Amino acid sequence: MKTYGIIGYPIIHSLSPIMHNAAIKHLGLDAEYKLFDIDQEDPEDLANFCYETDLNNIGGFSVTMPYKLEIMKYMDHYDPIAKIVGSVNTVVNEDSKLIGYNTDAMGAAQALKEKTEIKKKRVLILGAGGGARAIAYSLKEFGANVYIFNRTKKKAEELADEFDIEFIPYRMIPKGEFDIIVNTTPVGSMPNTEESLLHAEHIKSDAVVMDIITNPIETQLLKEAKKAGATPISGERMLLHQAADQFKLFFDKEAPIKVMEKALYKGLDKRN
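Residues numbered from 1 in each chain as written. Predicted model: local features only at pLDDT ≥ 70, side-chain atom pairs only at ≥ 80, totals over all residues. Heavy atoms only, no water.

(A) Focus on the pattern of salt bridges. Applying the stated criterion across every chain yields a total of 12 salt bridges. Close ionic contact of K227 with E224 constitutes a salt bridge, the shortest N to O distance being 3.6 Å. Residue K227 and its partner E224 are located together in helix α7 (residues 220–228), separated by 3 residues, close to a single helical turn. For E224, a relative accessible area of 6% corresponds to the buried category. Residues K258 and E261 are paired through a salt bridge, measuring 3.7 Å at the closest nitrogen-oxygen approach. Here the residue K258 and the residue E261 both occupy positions in helix α9 (residues 257–271), the gap between them amounting to 3 residues, near one helical turn. Residue classification places K258 among the exposed residues on the basis of a relative accessible area of 62%. (Salt bridge = Lys/Arg side-chain N within 4 Å of Asp/Glu carboxyl O. Helix = DSSP H or I, 4+ residues; strand = E, 2+ residues; numbered from the N terminus. Buried < 20%, exposed > 50% of the residue type's maximum accessible area, 1.4 Å probe, protein only.)

Laid out in structure tokens, this is it:
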């Protein structure tokens, strides 16, 4: 039996095993998908996990915060998108070679396209980490006008320069000027659920606001979006689409996305 899983820290609340194991069972595959908690305090923990994939019969794994950038140093090869955005959220073990992919980019676009068109829209991305890089690249490829905001100015400026997009300084976000807003930061996640980088007065009523956080599902930012009359998209939509793309990479089979979606919402109901 091949083992797959997700690495991150902390990882206990991840919904990925619920989706992937439901899809594995539905298709009758000889595999399992597990949680791998990689200790941030031990700098060798991530390296050892990567070096021991063959020993532990690991066919591939998902990568979540805080390792989407750091994991790249252990890859033998990257797919073009992962190389461009400089962020890996999916690793496939192909003949003892670790190949890094990025499904965040398309996952975010697919989640947004459930509610809105992307082309020519003014998009504000909150954050400048691995998720922000992937989403900025993807939305620019779909023809959006992308702006980056981050509390650490240097990171945002570097990302803006690299992708030829605009940077907005801290506390200078113009009010009501964006068609799409995407939060890629951990602000508003457990346990600090009352925090939000933006408030209702920053959000116009016909905007679409997506938060990639999945715990809680309704973040304070999404509550602010509702208050403004905007359309909220919670993090599980991107999670679903990027997981379906991961599944295809892991098993070279189309993901049973309806099965994964049903399992995801069942898992959310249990958690809540």
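Moving on from the coordinates now.
(B) Structural context of the side chain of E224. Here A200 takes part through its backbone nitrogen, which lies 2.9 Å from a polar atom of the side chain of E224. Setting aside residues up to four positions removed in sequence, E224 forms contacts with S196, L198, H199, A200 and I203. (Polar contact = N/O pair within 3.5 Å; in protein donor to acceptor, adjacent residues only side chain to side chain. Contact = heavy atoms within 4.5 Å.)

(C) A look at a positive patch on the surface. Taken together, the side chains of K25, K262, K266 and K270 present a region of like positive charge at the surface. Per element, the largest residue contribution to the positive patch is 3 residues, and it comes from α9. Its location among the elements puts K266 in helix α9. We classify K266 as exposed; its relative accessible area is 54%. (Patch = residues over 30% accessible without salt bridge, like charges linked within 9 Å, V, L, I, M, F, W, Y side chains within 5 Å. Areas by Shrake-Rupley, 256 points an atom, 1.4 Å probe, with all protein chains shown as cover. Lys, Arg positive; Asp, Glu negative; His and termini not counted. Charge placed at Lys NZ, Arg CZ, Asp CG, Glu CD.)

(D) Geometry of the layout of surface pockets. In this structure, the largest pocket occupies an estimated 1,300 Å³ of space. The wall of the largest pocket is formed by 47 residues, among which T64, M65, P66, P186 and I213 lie closest to the centre. Of all the secondary structure elements, the ones that give two or more residues to the lining of the largest pocket are β3 (58–63), α5 (130–141) and α8 (236–251). Residues that form the lining of the largest pocket fall into these classes: 22 nonpolar, 21 polar and 4 charged. (1 Å grid on protein atoms, 1.4 Å probe; cavity = no way out; pocket = protein on both sides within 12 Å on 5 of 7 lines; lining within 4 Å. Points joined across faces, edges and corners; volume = space filled by probe spheres on them. Nonpolar A, V, L, I, M, F, W, Y, C, P; charged D, E, K, R; others polar.)

(E) Up close: helix α6 (residues 153–163). Within α6, the full set of buried residues consists of A156, L159, A160 and F163. The arc enclosing the buried residues of α6, seen along the axis, measures out at 100°, which places them on a common side. Along α6, the residues that are exposed and aim more than 90 degrees away from the buried face are K154 and D161. Close packing links the buried residues of α6 with α3 (80–85), α5, β8 (145–149) and β9 (166–168). (Arc of directions from axis to C-beta.)

(F) Broad picture of the sheet that holds β9. The parallel open sheet is built from 6 strands, whose spatial order is β9-β8-β7-β10-β11-β12. The open sheet has two free edges, formed respectively by β9 and β12 (231–233), since each of these has just one partner strand. The sheet shows a mean angle of 20° between the axes of neighbouring strands, direction not considered. Bridge analysis of strand β11 (residues 208–211) against β12 gives 3 bridges, and the strand direction is parallel. Each bridged residue has a counterpart across the sheet, and for V208 the counterpart in β12 is T231. Set on the sheet, helix α4 (residues 104–113) makes contact with β10 (180–183), β11 and β12; between it and β11 the angle comes to about 140°. (Pairing = 2+ DSSP bridges. Axes fitted to C-alpha atoms, helices over the stretch in contact; angles between N-to-C directions.)

(G) Up close: the nonpolar core. Ranked by internal contacts, the top residues of the largest apolar core, which has 31 residues, are L112, I125, I135, L139 and M210. Of all the secondary-structure elements, those providing two or more residues to this core are α4, β7 (122–126), α5, β8, α6, β10 and β11. In terms of residues, this core owes the most to one element, α5, which gives 6 residues. Core analysis: the second largest hydrophobic core is formed by 24 residues, A31, V92, I99 and M260 among them. (Core = buried A, V, L, I, M, F, W, Y, C linked by side-chain atoms within 4.5 Å.)

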